[in-house]
Amino acid sequence: MFGKVLVANRGEIAVRVIRALREAGVRSVAVYSEADRASLAVQMADEAVYIGPASAAESYLAIDKIVAAARAHGAEAIHPGYGFLSENAEFAEACAAAGVTFIGPPAAAIRTMGSKTAARQLAIAAGAPVVPGTETAVETFAEAKRIAASLGYPVLLKAAAGGGGKGMRRVDREADLEAALRDASSEAARAFGSGEVYVEKLVAEPRHIEIQVLGDRHGRLIHLGERECSIQRRHQKVLEECPSPLMLEHPELRERMGAAALKIASAAGYCNAGTVEFLVDRERNFYFLEMNTRLQVEHPVTELVTGLDLVQWQLKIAAGEPLTVRQGDVRPDVRPVVQWNGAAIECRIYAEDPDHQFLPSPGKITRLREPSGPGVRVDSGVYEGWNVPVEYDPLLAKLAVWAPSRELAIARMHRALQEYEIGGIRTNREFFADILEDRDFRSGRLSTAFLDGFFERRGGREMDIEMEAVAALVAAMAAKDEAQRFAPATTEAQKSAWLEAGRSSELR
Amino acid sequence: MFGKVLVANRGEIAVRVIRALREAGVRSVAVYSEADRASLAVQMADEAVYIGPASAAESYLAIDKIVAAARAHGAEAIHPGYGFLSENAEFAEACAAAGVTFIGPPAAAIRTMGSKTAARQLAIAAGAPVVPGTETAVETFAEAKRIAASLGYPVLLKAAAGGGGKGMRRVDREADLEAALRDASSEAARAFGSGEVYVEKLVAEPRHIEIQVLGDRHGRLIHLGERECSIQRRHQKVLEECPSPLMLEHPELRERMGAAALKIASAAGYCNAGTVEFLVDRERNFYFLEMNTRLQVEHPVTELVTGLDLVQWQLKIAAGEPLTVRQGDVRPDVRPVVQWNGAAIECRIYAEDPDHQFLPSPGKITRLREPSGPGVRVDSGVYEGWNVPVEYDPLLAKLAVWAPSRELAIARMHRALQEYEIGGIRTNREFFADILEDRDFRSGRLSTAFLDGFFERRGGREMDIEMEAVAALVAAMAAKDEAQRFAPATTEAQKSAWLEAGRSSELR
Amino acid sequence: MTCEVVIHGSGTGSRAATLVVETQGGTGILTYTRENGESVRRAFSMELAGAGRFSVLVEGRSYRVTVADRGAIAVNGRTLYMEVRDPRKLRARGAAERNAGRQTVAAAMPGQVIRVLVEVGQAVEAGQGLIVVEAMKMQNEMKSPKAGKVLEIRTAAGAAVAAGDALIVIE
Amino acid sequence: MTCEVVIHGSGTGSRAATLVVETQGGTGILTYTRENGESVRRAFSMELAGAGRFSVLVEGRSYRVTVADRGAIAVNGRTLYMEVRDPRKLRARGAAERNAGRQTVAAAMPGQVIRVLVEVGQAVEAGQGLIVVEAMKMQNEMKSPKAGKVLEIRTAAGAAVAAGDALIVIE
């Protein structure tokens, strides 16, 4: 195992990795931009290095500065977290050149999977199903028209180098194709430096289900089952779970999708932790979407149901240790085997306002009480008094729960969300409470279009008048600072009054 | 399931039960004394009832008031937690008389196990091993002398009605017997209203290992394995774990002790959750000690390794539902079966000062940040700003961790204790960090005499001079409120200075 | 004590209510009346439970209430945004708002101005994009609340803005 | 800035140290010297990280430092009890303590006085039990620090006491 590791990230994932390093007895080095000097990650790390101004381009994306920091502090390896440089093949190569271990897959695997068209070709060659469409970028409008016609509308245009919904256009009829192609290509060029676009059949209201894989440097590769990530806003996941409600009904799907994911990862020469994303249509056909060659934000749900610590395994694998966990359906006789127990759900607590188009809400956290108790896990990157910077992703913390069944996990998550107190900025905490109460969510009817229907079903909420009165009371008292006046003198007389009140309320 | 349940307790266990009720969709009613009006339990419950002054005798021990509160609020059942009225057979009977379900075993089982001599007789009749000694209280000094001589010194005198070390005396030779008998009897009379004392052979440096049992009202009874509770101060447990390090070496011991516990519980007509406590000597002989007819403080470690929620099972069983989990070694074919995964440790965070004979330290909590992240569970009954009352037990919270192995659980607990911030009162938080670093603890060499040797081994700690300098710096700055002056102007120039400093420190 | 309360709904606009708090024999009594006439009268006790948190008991029912800034009050985890106002001030302000012929477009979130899409004096449609603000990797286009003319632009591309900052005035 | 620091150990008595803080070109420099002569000199930066918490970086090493009341300073989770004193006051106080012929027995914990075991004027041995205080179901017997005579009893059975309250004076 390494003696010292640098964490090339910020926020909750930096904290997550620093905790894992501490538990493994490895010294941790945090890097920080000007906005993050007082971050939780800097406080929790053993060492910390300043790497530049708040702008990510000048700090968390600055390969040279991060590699220099690792060398200056004597770190033997770098954990990239997710986002930033985590899927940057040049960074992985720069680490290698500097004699520092990159905790992740080989640079070649990152590069292949970084190109959507290359990844599609690899999946097809490996015999995994992909969404019908072109294998390479389309060259001309005429070619696009011919392909779209043969696939049948609606189709989807996607940036070859892309991700996160940029350079993506849904096209419902041929008349719209030319304009959409132009828009998608120019958007892709702006976002990724390449205007290459390809054409796919549009899968209507798909589920987004992904498979976690884990491979060592000695050729062992296993999958750790699925995560259902259909609930998304602006093509970004907000709530994830394992098992997928679909797998609960159709257990064989986990094995089939797991096998497909292993074929793809194996063809890419993959090792370390990675995720193969699929779309699943209404008939439970699944199609390879892309592979994320890094730790996923939502990895805790897999950890909770399998009992495996993915970050610890990332460290061990990068240090050359062999994977000792086996795939149970392949080698049920050799222990330990991957097992899935109970159900886990994760809610991504974002600094954003779900009542106003999820607009970001950076600023100072004036109040913070995190939930705990049985089955609750909080991976947080913030604290009371922290100023959430405007420059980065709005993820504050991930609230995850485990329970013996999906139904109990929903109840537990609801309880935990209610306990969570975050003040000073707006968050999506209560939005999740509403999702958990939604009929379609509870029955597991999920798709990436879930939120459209959800907002309609939810409508406006009627506030109980007594709760509203209590809120008004506290607002008024807090404003006037008169709270003390009504502190109770809990006497025997008053106690009788309470019992009386309790009794009379029972009679009503 | 019940519609509404009253929680006849306070502190962390009231919060634990209220959380379980919320997750089960059952309304909760808290009771509170004058000292607990603003307690976390009152805040988290759906309803709350004042039951009297701070003195426990006039509030949490007042059977009539609690039963009246349950009736006034329409609670169908009462959860007694631990301590207070939880092992009071009259309370269980008063509940029944008032038509309220007592969430616990039958009153008869509580009564039998409440008498140490009756419990011993029952265990002997059931064929379970007990510490050699008298079956009933000794009547005369002559009888005691004869018995002690036949057992061989050292012997232990114990109160028949007792617990918690009161009315207990170790006697090393016959010359001391008469005085010890007199002292033990009068202490027992004062503490329990009965001066009856019996004689046992003293087991030298025993381990304290207990077995969790769970039975429904339909005759199904299973055990959920052991908890190692050897680390005690003043005969009170402070750190518990599952599996016991002894069982890790001798797995058959879990089955043997589990079977003995089931014999005893079955003979007592037991149902609901209960714990059979044993002493284990150096040769791994085990002896029945007593049965606790209630939920145990340390139940979370069992929950973490088995995945079963004991409080939820208590509710279901009291509501008449059948136990659906089977004993794996008896019926491995019928799922679900009890399984033990990984390792769990619990530290009881007390308001006390381990550096001064564990003196209580009640008062206001001026600062509180609880740990979280992978595998960490906090069951807390306090919050920042809460005034820990002088009238009750000093337990603030229970910090529990789960990890795949004991070694990793120790590392995780150490990490979590480091993250925990509690200010304003003294606690035993750092004392646990020292225990986790202790050589004997790490190698699993445990006994109830553990702490005696521990304090000798630990000795005085030498503080790193740089850490001490940093503490002095903050103390001085906080005193002078000059902290702002030294906030960094993180410029490129300074960054180079840091890198320089980092480099030079590497060279040293 | 009597006060006027304004509850800011999510998208549904604001509504008013009246709160009266009295003391009877050491016990607090609240009367809360919504503008539609719905009303409750309840005995209560209220206790500070840490900074910014209150435990309120209303005839045996327990409410955990937290107060964050900007009038955000959470009751058992559900947040209401409310203002407590003196009734006279409220009426005066309402009148002032009605009299104004011009409207100010304010930043909906803190961030950086990426592009200004209009010029001073330019005629705009209701709903036309005026300015783009970016925060946390998300761009937000502010739209004109009405048809009219751009009277003033109080910011420029590249500027940092706080939530609520007036950016553009339309007449 | 120069100050005298007294660190209160657990059972091992107190020890002193000197802290000097300077600024050189915008960077803080601390020099810390223990009474045995051991000394460190380090560049540092210090930032407030929420109420009562500081992030201190010392030549690339990170320290999370929290301040609770009564001089309890926790560095990376390890607590030191320390006082920052003006050097002159310290000397004056030491002298005053040496001069005192009487000693006060103070409550070691808050709680309730259960029994007073001595009377005013009574002669006591060093280590003799004087008074029993109970808190959190635990009884603590306060013992005489020296042989002498009970000069004053400032409490009575049943009274509530706070930690540090003077209970009995022995001469």
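All residue numbers refer to positions counted from 1 along the written sequence of the respective chain. Chain labels run from A onward and ligand labels from 1 onward, assigned in the order the entries are written. Two thresholds apply to this predicted model, a pLDDT of at least 70 for residue-level local features and 80 or more for giving and counting side-chain atom pairs, whereas whole-chain, interface and lining totals are computed over all residues. For side-chain calculations, the full set of non-hydrogen atoms in the structure is used, while hydrogens and water are omitted.

1. As for the overall build of chain C
Reasoning step 1: Strands here are runs of E lasting at least two residues and helices are runs of H or I lasting at least four, both read from the DSSP assignment and numbered beginning at the N terminus. Summing up its helical and strand segments, chain C has 1 helix and 16 strands in all.
Reasoning step 2: Only protein chains enter the accessibility calculation, which uses a 1.4 Å probe; a residue whose area is less than 20% of its type maximum is buried, one above 50% is exposed, and one in between is partly exposed. Within chain C, the fraction of its 171 residues that count as buried is 44%.
Reasoning step 3: For chain C, the share of sequence-separated contacts (at least 6 apart) that also reach a separation of at least 24 residues comes to 37%.
Reasoning step 4: Here the Shrake-Rupley method, with its probe set to 1.4 Å, supplies the accessible areas, and only the displayed protein chains count as covering residues. Only carbon and sulfur atoms are counted for the fraction: they give 48% of the accessible area of chain C, which is about 8,100 Å². By definition in these notes, contact holds between two residues if any of their heavy atoms fall within 4.5 Å.

2. So, the interface of chain A and chain C
Reasoning step 1: If you look at the interface, chain A gives 60 residues, while chain C gives 61 residues.
Reasoning step 2: Here, a salt bridge means any Lys or Arg side-chain nitrogen found within 4 Å of an Asp or Glu carboxyl oxygen. Along the contact surface separating chain A from chain C lie 9 salt bridges.
Reasoning step 3: Between Arg34(C) and Glu468(A) there is a salt bridge, with its nearest N and O atoms 2.9 Å apart.
Reasoning step 4: Here a polar contact means two N or O atoms within 3.5 Å. Within protein one must be a hydrogen donor candidate and the other an acceptor candidate, and residues neighboring in sequence count only if both atoms are side-chain atoms. Inspection of the region where chain A meets chain C yields 17 residue pairs in polar contact (both at pLDDT 80 or more).
Reasoning step 5: Counting only elements with at least two residues in the side of chain A that touches chain C, the list comes to strand 16 (359-360), helix 13 (406-419), strand 22 (421-423), helix 14 (429-437), helix 17 (465-480) and helix 18 (492-507) of chain A.

3. Some remarks on the sheet that holds strand 7 (residues 169-171) of chain A
All names here are of chain A.
Reasoning step 1: Two strands qualify as a pair provided that DSSP identifies no fewer than 2 bridges between them. Ordered by their spatial adjacency, 3 strands build an open sheet running 7-6-8, and the pairing between neighbours is antiparallel. Pairing within the sheet leaves two strands with one partner each, and these edge strands are strand 7 and strand 8 (197-201). For this sheet, the mean inter-axis angle between neighbouring strands, taken without regard to orientation, is 25°.
Reasoning step 2: Under this scheme, a helix contributes an axis fitted over its contacting stretch, all axes are lines through C-alpha atoms, and angles between N-to-C directions fall in the 0 to 180 degree range. Set on the sheet, helix 7 (residues 141-151) makes contact with strand 6 (155-159) and strand 8; between it and strand 8 the angle comes to about 15°.

4. Re helix 12 (residues 310-318) of chain A
Each α-helix turn comprises 3.6 residues. Residues three or four places apart therefore point the same way.
Residue and element names in this part refer to chain A.
Reasoning step 1: For helix 12, the buried fraction is high: 8 of the 9 residues fall into the buried class.
Reasoning step 2: Turning to helix 12, its buried residues are Leu310, Val311, Gln312, Trp313, Gln314, Leu315, Ile317 and Ala318.
Reasoning step 3: The N-terminus of helix 12 is capped by Asp309, whose side-chain oxygen sits 3.2 Å from the backbone nitrogen of Val311.
Reasoning step 4: Gly320 occupies a position one or two residues after helix 12 and carries a positive phi of about 90°.

5. Here we look at the sheet that holds strand 10 (residues 221-233) of chain A
Residues and elements named next belong to chain A.
Reasoning step 1: One open sheet accounts for 8 strands, arranged 13-12-9-10-11-14-21-19; its pairing is antiparallel. Sheet topology places strand 13 (286-292) and strand 19 (376-380) at the edges, where each strand pairs with a single neighbour. Strand-to-strand twist of the sheet, defined as the mean angle between neighbouring strand axes without regard to direction, takes the value 25°.
Reasoning step 2: Inspection of the sheet shows strand 14 (residues 343-350) paired to strand 21 (residues 395-403) by 8 bridges, in the antiparallel sense. Bridge pairing links Ala343 to Ala403 in strand 21.
Reasoning step 3: Contacts between helix 10 (residues 252-267) and the sheet are confined to strand 9 (207-215), strand 10, strand 11 (236-242), strand 12 (272-280) and strand 13, with strand 10 contributing the most and set at about 105° to the helix.

6. Regarding the packing of helix 4 (residues 89-97) of chain B against helix 5 (residues 107-114) of chain B
In a pair of packed helices, the angle between the axes and the distance between the axes together describe the arrangement.
All names here are of chain B.
Reasoning step 1: One can describe the packing of helix 4 onto helix 5 by two numbers: an axis separation of 8 Å at closest approach and a directional angle of 170°. Looking at the two axes, helix 4 sits roughly antiparallel to helix 5. On helix 5, the residues touching Ala89, Glu90, Ala92 and Glu93 of helix 4 are Ala107, Ile110 and Arg111.
Reasoning step 2: The residue makeup of the contact of helix 4 with helix 5, split by class, is 4 nonpolar, no polar and 3 charged. An angle below 35 degrees is treated as roughly parallel, one above 145 as roughly antiparallel, one from 65 to 115 as roughly perpendicular, and anything else as oblique. Each residue receives one of three labels: charged for Asp, Glu, Lys and Arg, nonpolar for Ala, Val, Leu, Ile, Met, Phe, Trp, Tyr, Cys and Pro, and polar for the others, Gly being one of them.

7. Overview of the side chain of Ser372(B)
Reasoning step 1: Looking at the secondary structure, you find Ser372(B) in the loop between strand 18 (367-369) and strand 19 (376-380).
Reasoning step 2: You can call Ser372(B) buried: its relative accessible area is 8%.
Reasoning step 3: When neighbours within four sequence positions are excluded, Ser372(B) is seen to be in contact with Arg19(A), Arg377(A), Val378(A), Arg415(B) and Glu419(B).

8. Thoughts on the packing of aromatic side chains
Reasoning step 1: Within 6.5 Å between ring centres, the rings of Phe, Tyr and Trp (the latter by its six-membered ring) count as paired, and their orientation is classed by plane angle as stacked under 30 degrees, edge-to-face over 60, tilted in between. Enumeration according to the criterion identifies 32 aromatic pairs over all chains in this entry.
Reasoning step 2: Between the aromatic rings of Phe431(A) and Phe432(A), the centroid separation amounts to 5.6 Å while the plane-to-plane angle is 50°, which identifies the pairing as tilted.
Reasoning step 3: Take Phe432(A): its relative accessible area is 0%, and that puts it in the buried class.
Reasoning step 4: Through pairs of rings, three or more aromatic residues link up here, namely Phe358(A), Phe431(A), Phe432(A), Phe441(A), Phe450(A), Phe454(A) and Phe455(A).
Reasoning step 5: In our convention, an over-ring charge means Lys NZ or Arg CZ found within 6 Å of a ring centre and within 35 degrees of that ring's normal. A cation over an aromatic ring shows up here: Arg254(A) above the ring of Trp340(A), its NZ or CZ 4.4 Å from the ring centre.
Reasoning step 6: Taking NZ or CZ as reference, Arg53(C) lies 4.8 Å from the ring centre of Tyr383(B), over its face.

9. Some remarks on the confidence of the model for chain A
Reasoning step 1: Put simply, chain A has an average pLDDT of 92, and 94% of its residues get 70 or more.
Reasoning step 2: The low-confidence segment residues 487-508 of chain A, where pLDDT is below 50, has 39 contacts with residues more than four positions distant or belonging to other chains. A score between 0 and 100, pLDDT records how confident the predictor is in each residue.

10. A short note on the pairing of strand 10 (residues 111-116) of chain C
All names here are of chain C.
Reasoning step 1: Relative to strand 15 (residues 160-161), strand 10 runs antiparallel, the two being bridged by 2 bridges. Paired with Gly111 across the two strands is Val161, which belongs to strand 15.
Reasoning step 2: Relative to strand 12 (residues 129-135), strand 10 runs antiparallel, the two being bridged by 4 bridges. Paired with Arg115 across the bridge in strand 12 is Val132.

11. Considering the pattern of salt bridges
Reasoning step 1: Taken as a whole and judged by the stated rule, the model has 118 salt bridges over all chains.
Reasoning step 2: The salt bridge partner of Glu303(A) is Arg377(A), with a shortest N-O separation of 2.8 Å. Within this pair, whereas Glu303(A) is found in helix 11 (residues 299-306), its partner Arg377(A) is found in strand 19, the two being separated by 74 residues in sequence. In this pair, the class of Glu303(A) matches that of Arg377(A), namely buried.
Reasoning step 3: Put simply, Arg439(A) and Asp440(A) hold a salt bridge, and the shortest N to O gap is 3.1 Å.
Reasoning step 4: By relative accessible area, Asp440(A) is classed as buried at 14%.
Reasoning step 5: Each of Arg16(A), Arg19(A), Glu23(A), Glu303(A), Asp309(A), Arg377(A), Asp379(A), Arg412(B), Arg415(B) and Glu419(B) takes part in salt bridges that share partners, so that together they form one network.

12. A look at helix 8 (residues 177-192) of chain A
All names here are of chain A.
Reasoning step 1: Helices are assigned an expected span. That span is 1.5 Å times one less than the residue count. Over its 16 residues, helix 8 runs 22 Å from end to end, which matches the ideal 22 Å to within 8%, given 1.5 Å per residue.
Reasoning step 2: Of all the positions in helix 8, only Leu177, Ala180, Leu181, Ala184, Glu187 and Ala188 are classed as buried. Down the axis of helix 8, the smallest arc covering the buried residues is 140°, so these residues share one side. Pointing more than 90 degrees away from the buried face of helix 8 are the exposed residues Arg182 and Arg190.
Reasoning step 3: Taken from the residues just after helix 8, Gly193 is the one with a positive phi, measuring 75°. By construction, the arc corresponds to the directions joining the helix axis to the C-beta atoms.

13. Some points on the pairing of strand 1 (residues 2-8) of chain D
All names here are of chain D.
Reasoning step 1: Counting buried positions over the 7 residues of strand 1 gives 5, a clear majority of the element.
Reasoning step 2: As defined by bridge partners, strand 1 adjoins strand 2 (residues 14-24) across 7 bridges and the pair is classed as antiparallel. Along strand 2, the bridge assignment pairs Ile7 with Arg15.
Reasoning step 3: Two strands pair when backbone bridges link them, and strand 1 and strand 8 (residues 78-85) are joined in this way by 5 bridges, in the antiparallel orientation. Looking across to strand 8, one finds that Val6 is bridged to Glu83.

14. Describing the side chain of Thr66(D)
Reasoning step 1: You can see Thr66(D) is positioned in strand 6 (residues 61-67).
Reasoning step 2: Thr66(D) sits in the buried class, given a relative accessible area of 8%.
Reasoning step 3: Apart from residues no more than four positions distant in its own chain, Thr66(D) is found in contact with Arg367(B), Glu421(B), Gly52(D), Arg53(D), Ala72(D), Ile73(D) and Ala74(D).

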